[in-house]
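# Examining the three-dimensional arrangement
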Amino acid sequence: MSVFDSRANEWDKKTRRVQLAKDVVSSIIKCAKPEKNIDIADFGTGTGLIMLGLADYAKSMVGYDSSQGMLDVLAEKSAEAGISNLQTVLFDLDNEKFPVEAFDMMTCSMVAHHLDNPEMFFSKAYDGIKKGGKLCLADLIITDEPFHEAPAQGEIKHEGFEVKWIEEVLLNAGYINVEIYQAAVIEKERDGKKLDFPVFLAVAEK
Ligand SMILES: C[S@@+](CC[C@H](N)C(=O)[O-])C[C@H]1O[C@@H](n2cnc3c(N)ncnc32)[C@H](O)[C@@H]1O
């Protein structure tokens, strides 16, 4: 059982997490301007906080994740909401590929910092996005203090990213019109000190 499997049932109970997803969805809508009736994939979808937030825009939705526990929660939420155009897919990034040019938009929020090789995801996502489609990537901007206080062993591969590096690797992966925005600021209090953790949204076109 992965660390995310064990957290799946409690995932949506953390207000800060739900608020962050709402902020990221609002930024995606404002900055990437999705049209209605599009095919959307969400990589590292978890319980679908981002995917379900974009449901009004979707003809079809596919939530990819390596945690069956998270996908089970998403499938339950989607059934309860009467959503019939959402599919969940257990996905191993190292060994699997997305269907070729299948999606108008691929979203990925707070996942890249868990990946050994985020560039592999950017490249595989590029193949899965239709020409003219967009990748919307949200994650932590690197700061002096670590965001995660007591992560499980091996859970965190990057404490955050330099936005300049994100821009460069997306351009190297073939994307064009790469724009980077600030999607949210997560506030935490640690040892009596207020800490801000900014979250970027990169919108990149194929
Ligand atoms: C911090 S959660 C974010 C979930 C969701 N995107 C959100 O914003 O609420 C990270 C998610 O990425 C998934 N994940 C981590 N590594 C992955 C990988 N290599 N392939 C697919 N999913 C992965 C985890 O299972 C988890 O559901």
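Structure's up top.
Heads up: these notes are all about the structure in this document.

The rules behind these values
Within any chain, residue numbers begin from 1 and follow the written order of that chain's sequence. At least 70 in pLDDT is required for a residue's local features to be given in this predicted model, at least 80 for side-chain atom pairs to be given and counted, and no such filter applies to totals for whole chains, interfaces and linings, which use all residues. Each residue is classed by its C-beta neighbour count within 10 Å, where at least 20 other C-beta atoms makes it buried, 12 or fewer makes it exposed, and intermediate counts make it partly exposed; the C-beta atoms are placed from backbone geometry. For the purposes of this entry, the term helix denotes a DSSP run of H or I that reaches at least four residues, the term strand denotes a run of E that reaches at least two, and both are numbered from the N terminus. At least two DSSP bridges between two strands are needed for those strands to be called paired. Crossovers are described as right-handed under a simple rule: with the strands pointing away from the observer, the path leading from the first strand over the helix to the second runs clockwise. Residue pairs qualify as contacts under a 7 Å threshold applied to their C-beta atoms, which are placed from the backbone.

Let us now look at the pairing of strand β4 (residues 103-109). Along β4, seven of the seven residues are buried, which leaves the element largely enclosed by surrounding structure. Relative to β4, strand β1 (residues 38-43) runs parallel, the two being bridged by three bridges. Bridge pairing in β4 places Asp-42 opposite Thr-107. Both β4 and strand β5 (residues 129-140) contribute to a ladder of six bridges, which runs parallel. Following the sheet pairing, Ser-109 is matched in β5 by Ala-138. What joins β4 to β5 is helix α5 (residues 118-128), and the crossover it makes is right-handed.

With respect to the element layout, Ile-129 can be found in strand β5. For Ile-129, a count of 25 C-beta atoms within 10 Å translates into the label buried. Sequence separation between Ile-129 and Ala-32 is 97 residues, and the spatial gap between their C-alpha atoms is 14 Å. When sequence neighbours within four positions are dropped, the list of residues in contact with Ile-129 reads Glu-101, Phe-103, Met-106, Leu-135 and Lys-206.

In short, geometric facts, not functional conclusions.
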